[in-house]
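Spelled out, the chains give:
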Amino acid sequence: IMKLKNKMYVKCINLCDKNVHLCDRGGYNIIIYGFLAYLCSDEELLNLKENTLNLLSQKGYIFIYDFLVRDNLVKQDKRCQNLKIFKRSLIYWINLFKEFDLIDFRLFDHDHQYKYIQSSNACNIDYQLPDDDKHWMFAALFRRRF
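Chains are numbered independently. Their residues run from 1 in the order of the written sequence. Local features in this predicted model are restricted to residues whose pLDDT is 70 or higher, and side-chain atom pairs enter the listing and the counts only when it is 80 or higher, whereas totals over whole chains, interfaces and linings include all residues. Only heavy atoms go into the side-chain values, all of them from the structure, while hydrogens and water stay out.

S.K.: Tell me what's going on with the overall build of the protein, and back it up with residues and numbers.
M.R.: A tally of helices and strands in the protein yields three helices and eight strands. N-terminal to C-terminal, the α/β element order of the protein is β-β-β-α-β-β-β-α-β-α-β. Counting the 146 residues in the protein, one finds 35% classified as buried. Pairs of residues are marked as contacts when any of their non-hydrogen atoms sit within 4.5 Å. Taking the contacts inside the protein whose residues are at least 6 apart along the sequence as the reference set, 70% of them involve residues at least 24 apart. For the area figures, the Shrake-Rupley method with a 1.4 Å probe applies, and any residue is considered shielded solely by the protein chains shown. Working note: accessible area of the protein is about 9800 Å², and carbon and sulfur atoms make up 53% of it. The helix count covers DSSP runs of H or I at least four residues long, the strand count covers runs of E at least two residues long, and both are numbered beginning at the N terminus. Relative accessibility under 20% of the residue-type maximum defines a buried residue, over 50% an exposed one, and the middle range a partly exposed one, all with a 1.4 Å probe and only protein chains included.

This is how it looks when you write it as structure tokens:
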């Protein structure tokens, strides 16, 4: 556990583990999935969701930053043949987090992500988004219904 300014605590645990020890039930206001889900099977994502629900406060948020496709797909990783890559659709995410409201959604071109960061254009609409969803990534903010 690491303490940051303004009484903010950050903790790194494997929420995809079904048997993870959760000692801070209901104590987190936001949980971030940052380029994590594309390496998780559907079963691991269900564990992730269950653990997240246990950890998140009643008015908590989930922020997801990952790949997005029109239709779910699974493929071998180009760099490591022992890994599978899972890319999912927006419908998948909305259905997975049906206990949440989608508060914000952004779609980006993965090939331009560093350009967005450097130019502070993350809030602008990406008019150059390719038709091919191979390089799509998204950011979404979900708020738990209470």
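S.K.: Could you give an account of the packing of aromatic side chains, naming the residues involved and the relevant values?
M.R.: Aromatic rings from Phe, Tyr and Trp, taking only the six-membered ring of Trp, are treated as a pair when their centres fall within 6.5 Å; an angle between ring planes under 30 degrees marks them as stacked, one over 60 as edge-to-face, and anything in between as tilted. Scanning all chains against the criterion turns up 12 aromatic pairs. Judged by centre distance (5.1 Å) and plane angle (85°), the rings of Phe 35 and Tyr 65 are edge-to-face. Highlighted residues: Phe 35 in the loop between β3 (28-34) and α1 (42-55) and Tyr 65 in strand β4 (residues 56-67), separated in sequence by 30 residues. Judged by relative accessible area, which is 24%, Phe 35 ranks as partly exposed. Joined through ring pairs, the aromatic side chains of Tyr 33, Tyr 92, Trp 93, Phe 97, Phe 100, Phe 105, Phe 138 and Phe 142 make up one cluster. In this scheme, Lys NZ or Arg CZ marks a charge over a ring once it lies within 6 Å of the ring centre and within 35 degrees of the ring normal. In this structure, Lys 59 is placed above the aromatic ring of Phe 146, and the distance from its NZ or CZ to the ring centre is 5.3 Å. We note Lys 87 situated over the ring of Phe 67; from NZ or CZ to the ring centre the distance is 4.6 Å.

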